[in-house]
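# Working through the structure, step by step
If you want the building blocks of each chain, they are given just below.
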Amino acid sequence: MRGVCVSILCVSVILRSAISQPPTESDTYTECTDGYQWDSQTQHCKDINECETIPEACKGEMKCFNHYGGYLCLPRSASVIPAQDPPSQPGTNLESTAREPFNPCPLGYEPQGDSCVDVNECERDEHDCQPSQQCINTPGAFTCQCPDGYRKVGTECIDIDECRYRYCQHRCVNVPGSFSCQCEPGFQLAGNNRSCIDVNECDMGAPCQQRCYNTYGTFLCRCDQGYELGPDGFACNDIDECSYSSYLCQFQCVNEPGKFSCQCPEGYQLLGTRLCQDINECETGEHQCTTGQTCVNIHGAYQCVDTNLCQDPYIQITDNRCVCPVTKPACRDLPFSIVHRYMSITSERSVPSDIFQIQATSVYPGAYNTFRIRSGDDNGDFYIRQINNISAMLVLARAVTGPLEYTLDLEMVSVNPLLSYQTSSALRLSIYNMSGLLV
């Protein structure tokens with residue numbers, strides 16, 4: 001009986017005979033038991049090495065181990081430790097000793113001439129390295145080396161988890177025998193394949209519609225003035241500034257892509273960017289008044305009035321002043337002088353509102369002055385508020401809508417009781433009420 005021990009398993013194999021079988025008298029000299037064949041040279045039955053004669057005797061990771069009369073399929077990591085042979089007859093030992101040549105060399109060497117040379121177990125396939133391992137011959141022995149990325153534990157090669165050693169800056173992915181580094185979004189691997197460097201998405205076609213700003217690991221989209229960032233964080237939408245406030249422009253706000261502009265009604269021009277200023281057509285020459293007329297500027301327009309304003313019995317003294325001579329009987333009940341003035345108001349004017357101040361140009365000692373609306377206010381839209389003895393204020397009493405034209409005769413009556421003297425003068429005020437185009 002001979003024992004075979006493998007790794008953690010010990011297998012006992014019962015042999016049908018000893019190392020060789022001599023023929024018996026009853027058997028022919030060419031007949032042997034199973035697992036043996038006749039050796040004509042030694043005239044004995046010789047063990048068959050099935051590991052050499054049977055193609056792929058063991059499958060997969062199993063290794064074939066020959067033993068007398070048969071063979072075993074054991075893991076490649078198994079080690080075969082021959083047990084001591086039981087005591088045998090002296091004749092048998094002599095035969096075995098005579099059959100096996102004497103090896104005077106150390107283990108792992110074989111004689112060659114007068115010297116011992118190393119046996120290359122790797123070339124002779126006399127090793128127990130696994131298929132995934134590399135056999136490396138050494139003097140008198142051999143070693144089984146694991147591939148890169150593996151470490152040897154016993155006879156097995158175990159994958160090394162390099163990710164435990166934090167080789168990667170961001171993320172580490174362990175794979176059999178190796179590892180790979182990955183970066184978070186917004187980064188890319190550096191040349192050392194371990195560090196992560198920022199990616200400039202703005203240079204790589206970031207989807208920002210207008211402005212792109214690179215930041216560490218990401219990017220930001222921003223918009224030009226007059227635009228706001230859309231919900232997707234990329235698109236820029238125009239801001240309708242006109243919808244936010246009604247006070248951006250004096251007259252009309254017009255929204256434009258990325259901005260707004262102010263417009264004025266006809267007869268006005270833009271003052272700065274938001275206010276409207278009346279165009280004085282009389283000064284710019286943009287009127288159609290004839291030579292016998294005088295151009296009067298009003299809100300958003302102009303009026304042409306006759307140059308000769310005085311009607312009989314009045315005579316014209318200056319361009320806007322008429323006098324009624326006391327020598328004319330018809331002037332007895334009329335104001336001594338009439339001064340022509342012009343003004344314009346807009347319909348949106350709040351009421352009551354002071355619109356025109358009357359001022360006495362000459363004052364006589366001891367005279368008392370009173371002011372009144374002599375004519376032109378048939379609907380009671382105005383009234384006079386006297387300030388003092390020499391001035392008064394014309395007040396707009398009710399809201400009016402235009403366009404309308406008023407001609408008011410404002411009279412100042414002067415009375416001097418000491419001299420029993422009374423006189424009056426008038427101011428003929430032409431008021432042009434324009435539509436409320438401006439706020």
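Everything that follows concerns the structure shown earlier in this document.
Now for a description of the structure that goes with this document. (Residues numbered from 1 in each chain as written. Predicted model: local features only at pLDDT ≥ 70, side-chain atom pairs only at ≥ 80, totals over all residues. Heavy atoms only, no water.)

Below, the discussion takes up the overall build of the chain. When helices and strands are tallied, the chain shows three helices and 37 strands. Expressed as a percentage of its 439 residues, the buried residues of the chain come to 32%. Taken as a whole, the chain presents about 28,000 Å² of accessible surface, with 51% of it coming from carbon and sulfur. (Helix = DSSP H or I, 4+ residues; strand = E, 2+ residues; numbered from the N terminus. Buried < 20%, exposed > 50% of the residue type's maximum accessible area, 1.4 Å probe, protein only. Areas by Shrake-Rupley, 256 points an atom, 1.4 Å probe, with all protein chains shown as cover.)

Taken in spatial order, the six strands line up as β29-β30-β31-β37-β36-β33 in an open sheet, and their pairing is mixed. Bordering the open sheet on either side are β29 (315–316) and β33 (368–375), each of which pairs with just one other strand. Here β29 pairs with strand β30 (residues 321–323) via two bridges, running antiparallel. Across the sheet, residue I315 finds its bridge partner in β30, namely V323. (Pairing = 2+ DSSP bridges.)

By the bridge criterion, four bridges tie strand β13 (residues 150–153) to strand β14 (residues 156–159) in an arrangement that is antiparallel. Opposite K152, over in β14, you have C157 as the bridge partner. What sits between the antiparallel neighbours β13 and β14 is a turn of two residues, in which G154 has the positive phi angle 70°.

Scanning the entire structure with this criterion turns up 20 disulfides. For C32, the disulfide goes to C45, at an S-S distance of 1.9 Å. Here C32 and C45 share a disulfide; its torsion about the S-S bond, -90°, makes the bridge left-handed. Separated by 13 residues along the polypeptide, C32 in the loop between β3 (20–21) and β4 (36–39) and C45 in strand β5 (residues 44–47) bring together distant segments of the chain. (Disulfide = S-S within 2.5 Å.)

In terms of nonpolar packing, the biggest core is built from 20 residues, with I355, F356, F382, L394, L410, L429 and I431 touching the most fellow members. Only β31 (337–346), β32 (353–359), β34 (382–386), β35 (391–396), β36 (404–416) and β37 (421–434) provide two or more residues apiece to this core. Other than its neighbours up to four places away in sequence, F356 contacts R341, M343, A392, M393, L394, L410, L427 and L429. In terms of nonpolar packing, the next biggest core, distinct from the first, is built from seven residues, C310, C324, I338 and A426 among them. (Core = buried A, V, L, I, M, F, W, Y, C linked by side-chain atoms within 4.5 Å. Contact = heavy atoms within 4.5 Å.)

This next bit is on the packing of aromatic side chains. Per the stated rule, a full pass over the model turns up five aromatic pairs. Considering the side-chain rings of Y165 and Y167, the 5.9 Å spacing of their centres and the 35° angle between planes classify their relative orientation as tilted. (Phe/Tyr/Trp six-rings, centres within 6.5 Å; stacked < 30°, edge-to-face > 60°.)

For G272, the location among the structural elements is in the loop between β25 (268–271) and β26 (275–278). Looking at G272, the relative accessible area reads 61%, which means it is exposed. It is 9.7 Å that separates the C-alpha atoms of G272 and C262, two residues lying ten residues apart in sequence.

Turning to the pairing of strand β19 (residues 211–215), a few remarks are in order. Two elements, β19 and strand β20 (residues 218–222), share five bridges in a ladder whose sense is antiparallel. By the bridge assignment, N214 is partnered in β20 with F219. The loop that links β19 with its antiparallel partner β20 comprises two residues; one of these, G217, has a positive phi angle of about 90°.

As a further point, take the environment of T218. Tracing the backbone shows T218 in strand β20. For T218, a relative accessible area of 36% corresponds to the partly exposed category. It is 8.3 Å that separates the C-alpha atoms of T218 and F187, two residues lying 31 residues apart in sequence. Setting aside residues up to four positions removed in sequence, T218 forms contacts with D198 and E201.

Looking now at the pattern of salt bridges. This structure, assessed with the given rule, holds nine salt bridges. The partner of E256 in a salt bridge is K259, and the shortest N-O contact between them spans 3.7 Å. The exposure class assigned to K259 is partly exposed, which follows from its relative accessible area of 48%. Residues R428 and D409 are paired through a salt bridge, measuring 2.7 Å at the closest nitrogen-oxygen approach. With R428 in strand β37 and D409 in strand β36, the pair connects residues that are 19 residues apart, well separated along the chain. Residue D409 is classed as buried on the basis of its relative accessible area, which comes to 10%. Through salt bridges with shared partners, one network takes in R372, R374 and E411. (Salt bridge = Lys/Arg side-chain N within 4 Å of Asp/Glu carboxyl O.)

Let us look at the sheet that holds β32. Strands in a sheet are paired, the pairing made by backbone hydrogen bonds, and the direction either parallel or antiparallel. The three strands lie next to each other as β32-β35-β34, forming an open sheet whose pairing is antiparallel. The sheet is open, and its two edges are formed by β32 and β34, each paired on a single side. Each neighbouring strand pair of the sheet contributes to a mean axis angle of 30°, computed without reference to strand direction. Looking at chain direction, β32 and β35 are connected through six bridges and run antiparallel. From the neighbouring strand, I358 faces β35, where its bridge partner is A392. (Axes fitted to C-alpha atoms, helices over the stretch in contact; angles between N-to-C directions.)

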